[in-house]
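Next come the chains, spelled out residue by residue.
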Amino acid sequence: MYGWSMTTLTAAPIGELTDEQRDFVAAIRDFCEREVGTREQRDALTANGRKPHNVELSKRVGELGWLGIGLPEEYGGTPGGVVDMCLLLEETGRGQLPIGGYGVSRIIAAATMKFGTDEQKAQILGNIASGGQEAIAMSEPGSGSDVASLQCRAVRDGDEYVINGQKTWISEAHYADNILLVCRTDDSGAKHDGISMIFVPKDTPGMEIRPIETMGGEVVNDVFFSDCRVPVENLLGTENQGWVQLTAGLNIERLILAAMMLGVAQRAFDDLLGYVKEREQFGRPIGSFQALRHRIADLATELECCRLLTYDVARRVDQNPDAMFPREASMAKLKVTETAKKISLEGMQMMGGYGYATEYDMERHVRTTLVSTIYGGTSEIQREIISKTLGL
């Protein structure tokens, strides 16, 4: 089996990392190599690739303090910023560490840090830092890209909310200790008004989670609410201000997705490079043929552009955490996910039948990257956002 090429080891613009950050990257790589460095190890932890999140492994990573990076220390976090979080996401994606629910959890962490009570922060952030899982439920059968058209409702009844409705495509809900529900609490105004965010703990009566079978394995779910009751103190932030709270977290959400896919893209590229250097046809390595060599050069250039863009946005957010960067964050999500998809598809093409075979990782990279241009706001939505910031 053709192995992972170790010739491309630049995480982030390496000259701009501190010594501590370089040591952090090296530690993550060493952990990934020891724990999931072989296909056999990864298969054992993921049920042959069907389960991208391993609960026990996530807890072990949490014990190292990595999952709490950038979270307040009083809630179990460790020092660091958005750049450090992106380094972790990139390197675990590259190392194929099966903690796929972590990226979603960090989206909930960002909202909780901004709008949560002290009790919510202690519970939610502490759980994430220790390797627990959180999920967020936005999409509905009739409300995807147009999130504000959602219809799932929570009605106040004394000291409780009574929730009814359905959510769909909810990532990692089956692992989550809590689901942050985005729902309608008032329908008297415009569609962007009257939206709230409410935590629903797992196993709450009236909530049912049903897995959706996909080509990527066990990732997303339908979630049904039928007279599901939760205490009013589970409200995150202010009632009917959920849309404002959602948009306040878009920088982080899109950066998280970009950093995750940057790691997957780098791994797909490394696997491809290792293959074309070793695979011989017509008496020489196939990477020596110009038809492939130049395409790989283009992919390497695109990948480097993705890395520079992702970490530039991350540094801007670190320098000004309260500012909105809608154009830059959308550019990062758009560019990285589209490039990751391109690299994996090119990898499959250049590897021929071996790229299509489940014996090799490339077909997994394809399945992983194809959906990345859909979730978290499709590429079409990202282009709409970018064009609007340009006055179009």
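Please refer to the structure higher up on the page.
Residues numbered from 1 in each chain as written. Predicted model: local features only at pLDDT ≥ 70, side-chain atom pairs only at ≥ 80, totals over all residues. Heavy atoms only, no water.

With that settled, consider the overall build of the protein chain. For the protein chain, the helix and strand inventory stands at 13 helices and 10 strands. Rg of the C-alpha trace for the protein chain: 21 Å, near the compact-globule value of 21 Å for 392 residues, within the 12% margin. In terms of principal-axis extent, the alpha carbons of the protein chain reach across some 75 × 50 × 40 Å. At a minimum sequence separation of 6, the contacts of the protein chain that also span at least 24 residues come to 75%. Here the protein chain displays about 16800 Å² of accessible surface, and carbon together with sulfur accounts for 53% of that area. Considering the protein chain, the positive charge centre built from 40 side chains and the negative charge centre built from 56 side chains are found 6 Å apart. (Helix = DSSP H or I, 4+ residues; strand = E, 2+ residues; numbered from the N terminus. Rg over C-alpha atoms; globule rule 2.2 N^0.38 Å. Contact = heavy atoms within 4.5 Å. Areas by Shrake-Rupley, 256 points an atom, 1.4 Å probe, with all protein chains shown as cover. Lys, Arg positive; Asp, Glu negative; His and termini not counted. Charge placed at Lys NZ, Arg CZ, Asp CG, Glu CD.)

This next bit is on the pairing of strand 2 (residues 153-157). Two elements, strand 2 and strand 3 (residues 160-167), share five bridges in a ladder whose sense is antiparallel. Bridge pairing in strand 3 links Ala154 to Ile163. From the end of strand 2 to the start of strand 3, which pair antiparallel, there are two residues, and Gly158 there has a positive phi angle of about 65 degrees. (Pairing = 2+ DSSP bridges.)

The next subject is the environment of Glu278. Tracing the backbone through its elements, the reader meets Glu278 in helix 8 (residues 250-278). The exposure class of Glu278 is partly exposed, given its relative accessible area of 47%. Residues Glu278 and Leu88 lie 190 residues apart in sequence; the distance between their C-alpha atoms is 30 Å. (Buried < 20%, exposed > 50% of the residue type's maximum accessible area, 1.4 Å probe, protein only.)

It is worth spelling out the side chain of Ser344 at this point. Turning to its location among the elements, Ser344 is positioned in helix 10 (residues 326-351). Engagement of the side chain of Ser344 in a polar contact is seen with the backbone oxygen of Lys341, the distance being 3.0 Å. If sequence neighbours within four positions are ignored, Ser344 has contacts with Ala268, Met362, His365, Val366 and Thr369. (Polar contact = N/O pair within 3.5 Å; in protein donor to acceptor, adjacent residues only side chain to side chain.)

Right, let's talk about helix 2 (residues 39-46) for a bit. At 3.6 residues per turn, the α-helix brings residues three or four places apart onto the same side. Taken together, the buried positions of helix 2 are Arg39, Arg42, Asp43 and Thr46. The arc that holds the buried residues of helix 2, viewed along the axis, is 100 degrees, so those residues lie on one side. When the buried face of helix 2 is taken as reference, the exposed residues oriented beyond 90 degrees from it are Glu40 and Ala44. (Arc of directions from axis to C-beta.)

A few words now on unusual backbone geometry. The backbone of Asn48 sits at a positive phi, close to 60 degrees, despite the residue not being glycine. Relative to the assigned elements, Asn48 resides in the loop between helix 2 and helix 3 (55-63). Look at Phe282: it is not a glycine, yet its phi comes out positive at around 55 degrees. Considering the arrangement of structural elements, one finds Phe282 in the loop between strand 9 (280-281) and strand 10 (284-285). You can call Phe282 exposed: its relative accessible area is 80%.

Running from amino to carboxyl end, helix 4 (residues 82-94) crosses helix 8 at an angle of 35 degrees, the nearest separation of the two axes being 7 Å. Note on packing geometry: the crossing formed by helix 4 with helix 8 is right-handed. On helix 8, the residues that touch Val82, Met85, Cys86, Leu89, Glu90, Gly93 and Arg94 of helix 4 are Ile252, Leu255, Ile256, Ala259, Met260, Leu262, Gly263, Val264, Gln266, Arg267 and Asp270. Of the residues in the contact of helix 4 with helix 8, the class split is 11 nonpolar, three polar and four charged. (Axes fitted to C-alpha atoms, helices over the stretch in contact; angles between N-to-C directions. Left-handed = near helix turned anticlockwise from the far one by under 90°. Nonpolar A, V, L, I, M, F, W, Y, C, P; charged D, E, K, R; others polar.)

Turning to the pairing of strand 4 (residues 178-184), a few remarks are in order. The buried count for strand 4 comes to seven of seven residues, which makes it a mostly enclosed element. Residues Asn178, Leu180, Val182 and Arg184 line one face of strand 4 and the alternating positions Ile179, Leu181 and Cys183 line the opposite face, and both faces are buried. When strand 1 (residues 134-137) meets strand 4, the two strands line up parallel, connected through four bridges. For Ile136, the partnering residue across the bridge sits in strand 4 and is Leu180. Where strand 4 meets strand 5 (residues 195-201), seven bridges bridge the pair, whose relative direction is antiparallel.

This part takes up the side chain of Gln120. Tracing the chain through its elements places Gln120 in helix 6 (residues 118-129). By relative accessible area, which is 6% here, Gln120 ends up buried. Reaching out from Gln120, the side chain makes a polar contact with the backbone nitrogen of Thr117 at a distance of 3.0 Å. Ignoring any residue separated from it by four or fewer positions in sequence, one finds Gln120 in contact with Thr112, Leu125, Phe199, Glu233, Asn234, Leu235 and Leu236.

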